[in-house]
Amino acid sequence: MRATLFGTGYVGLVTGTCLAEVGHDIVCVDVDAGKIAKLNDGVIPIYEPGLQPMVQANHAAGRLRFTTDAAEGISHGEIVFIAVGTPPDGDGDADLRYVVEVARTIGAHITRPTVVVNKSTVPVGTADRVRAVIADELQKRGVDVAFDVVSNPEFLKEGDAVNDCMRPDRIIVGSDSPTAVERLKRLYGPFNRNHERILVMDVRSAELTKYAANAMLATKISFMNEIANVAECVGADVEMVRQGIGSDPRIGWHFIYPGAGYGGSCFPKDVRALSRTAFKCEYRTELLDAVEAVNERQKSHLFELIVRHYGDVEALRGKTFAVWGLAFKPNTDDMREASSRRLLEQLWRAGARVRAFDPEARETTEAIYRDREDFVLCEHANEALEGADALAVVTEWKQFRSPDFSRLRGTLADAAIFDGRNLYHPAEVEAAGIAYYGIGRGRSL
Ligand code: UGA
């Protein structure tokens, strides 16, 4: 089938590439000419495991093309996806500017019946708005073209996006049009093997499903972080508690890892946006608001542990901290709402210096913290330790999992590790003569 995607960010690029991979004929459109030129040269603008070779192979096979020409894109696709960003605006609402712009462009160019599919994460009611914008444009042109607007939210995770897209748990199709549903079923047929993954529902339920999924996952994390803080108070080890509850299948093992707080471009934004949507229809989301408040507090927790170790904030002046991991999670270079940013800024405010290392987030970090004389971005994990007084681990990249603790003992002047992702066994670190602080590990108090 022929499909067009507007937006070559994580969602648009990964979806377009996976659709091409199963044999569809795909055109990706973006207003950013630099990005499109790079993509046509086989260079992808993000770090996402497995994506680059897939883009290159499908591009070479002629099934995946990139253009800035919106009219060309629209004349190509019998299905046109909107997969542009919805960044938060100043009030915590999702900013729909780009979605509306694409809807306008679609209305200005379609000449034959088209299924418009919204893949961007958008508040409930956006499909109606997109429909109205397209209808308005058609009216201005004085033409009558049939079109449907479908909600088809995306559930891919950064760092595992290709896998999520090729092997989806479920494919949500929100539409009341049998023709549109039929077309999407054909498009997604190759991903729908072995058992039925396509779930058809009304548009608003589909839009809400996306927010509910992210809000539920964020809730699990904040809940676990709250339990971790209680564990710290009462002298329990949350890692034991995690294993104790995860084995109950009703609770499950996923997303119950306590840590330095959740970040990224989705959870923080989506929890806030859902709360705002509810507020607009006069419902106060007390649970979601608490999820966000707990996360905000949790992002400062690693710094609080550091202050606790040194006695007071003043004692941090002139100290040097090695920081391992900057990206909001492993296998990405994404620094959006990363917990590391809170820690770095708190350390700098306290007069400390930072030597940091992240396997992938070098450029994205430099784009935020340029030319700071109290910050060194290192090439290797060990280089970050040179001249450091203590180590803080913020992102759980695999390569940080088993360091040589006796070497760390010799390197870190104050012999202390602040483990923001509970990567290490306290006893093992302490046996090497290093003070250990984890999240929710009462033993370490
Ligand atoms: C999230 C969802 O997991 C995807 O299903 C969704 O499609 C995506 O948002 C989206 O809306 O586009 P993502 O933001 O890539 O995906 O990252 P996650 O892997 O969900 O991690 C989010 C944050 O939670 C990270 O900072 C991670 O470190 C933290 N986390 C995760 C924890 O602190 N504890 C956990 O147990 C799990």
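Computed from a prediction, not measured in an experiment: that's the story for all the values here.

Rules used throughout
- Residues numbered from 1 in each chain as written.
- Predicted model: local features only at pLDDT ≥ 70, side-chain atom pairs only at ≥ 80, totals over all residues.
- Near = placed C-beta within 6 Å.
- Helix = DSSP H or I, 4+ residues; strand = E, 2+ residues; numbered from the N terminus.
- Domains from an automatic or database assignment.
- UniProt positions renumbered as here; feature names shortened; annotations may be inferred.
- Contact = placed C-beta atoms within 7 Å.
- Expected span 1.5 Å × (residues − 1).
- Buried ≥ 20, exposed ≤ 12 C-beta atoms within 10 Å, placed from the backbone.
- Nonpolar A, V, L, I, M, F, W, Y, C, P; charged D, E, K, R; others polar.
- Axes fitted to C-alpha atoms, helices over the stretch in contact; angles between N-to-C directions.
- Parallel < 35°, antiparallel > 145°, perpendicular 65-115°, else oblique.
- Left-handed = near helix turned anticlockwise from the far one by under 90°.

1. Some remarks on the site of the ligand
Here is step 1 of the chain: The full set close to the ligand counts 20 residues, and Glu158, Tyr257, Tyr262, Gly264 and Cys266 are the nearest of them.
Here is step 2 of the chain: Per-element accounting of the shell around the ligand gives the leading share, 3 residues, to helix α9 (residues 203-234).
Here is step 3 of the chain: Two domains share the shell around the ligand, each providing at least three of its residues, namely domain 1 (2-201) and domain 2 (202-445).

2. So, the UniProt feature "binding site: substrate" (unreviewed entry) in the chain
Here is step 1 of the chain: Those places that UniProt annotates as "binding site: substrate" (unreviewed entry) correspond, in this numbering, to Phe155, Leu156, Lys157, Glu158, Lys210, Phe255, Ile256, Tyr257, Pro258, Gly259, Gly263 and Lys329. For the residues just named, distributed over 175 residues, the greatest C-alpha separation reaches 23.9 Å, placing them at more than one site.
Here is step 2 of the chain: With residues near it in sequence (within four places) discarded, phenylalanine 155 still touches Asp164, Pro168, Asp169 and Ala213.
Here is step 3 of the chain: Inspection of the secondary structure assignment puts glutamate 158 in the loop between β6 (147-151) and α7 (161-166).

3. A short note on helix α5 (residues 97-109)
Here is step 1 of the chain: Taking 1.5 Å per residue, 13 residues should reach 18 Å; α5 reaches 19 Å between its end C-alpha atoms and fits that length.
Here is step 2 of the chain: When α5 is considered as a whole, its buried residues turn out to be Val99, Val102, Ala103, Thr105, Ile106 and Gly107.
Here is step 3 of the chain: Here the buried face of α5 lies against β1 (2-6), α4 (70-76), β4 (79-82), β5 (114-118) and α6 (126-141).

4. A few points about the UniProt feature "binding site: NAD(+)" (unreviewed entry) in the chain
Here is step 1 of the chain: The feature "binding site: NAD(+)" (unreviewed entry), as annotated in UniProt, sits at Asp30, Lys35, Thr86, Thr121, Glu158, Lys269 and Arg336 in this numbering. Of the residues just listed, which span 307 residues, the most distant C-alpha pair is 24.6 Å apart, and they do not cluster in one region.
Here is step 2 of the chain: Structurally, aspartate 30 can be placed in the loop between β2 (25-29) and α2 (33-40).
Here is step 3 of the chain: Given 24 C-beta atoms within 10 Å, aspartate 30 falls into the buried group.

5. Describing the domain arrangement of the chain
Here is step 1 of the chain: Looking at the assigned domains, one finds that the chain contains domain 1 (2-201) and domain 2 (202-445).
Here is step 2 of the chain: Domain 1 and domain 2 are separated by 33 Å when their C-alpha centres are compared.
Here is step 3 of the chain: Contacts between the two partners involve 24 residues from domain 1 and, on the opposite side, 24 residues from domain 2.
Here is step 4 of the chain: Listed by contribution, the elements that provide at least two residues to the side of domain 1 that touches domain 2 are α6 and β7 (171-174).
Here is step 5 of the chain: Take the side of domain 1 that touches domain 2: its biggest share by element is 3 residues, from β7.
Here is step 6 of the chain: Residue classes in the side of domain 1 that touches domain 2 are distributed as 13 nonpolar, 7 polar and 4 charged.

6. A word on the packing of α9 against helix α11 (residues 267-280)
Here is step 1 of the chain: For the pair α9 and α11, the least separation of the axes is 9 Å and the interaxial angle reads 115°. As summarised for this structure, α9 and α11 are arranged roughly perpendicular, according to the angle between their axes. When the axes of α9 and α11 are compared, the crossing they make is left-handed. Contact residues: α9 offers Tyr211, Asn214, Ala215, Leu217 and Ala218, while α11 offers Phe267, Asp270, Val271, Ala273 and Leu274.
Here is step 2 of the chain: Per-class residue counts for the contact of α9 with α11 are 8 nonpolar, 1 polar and 1 charged.

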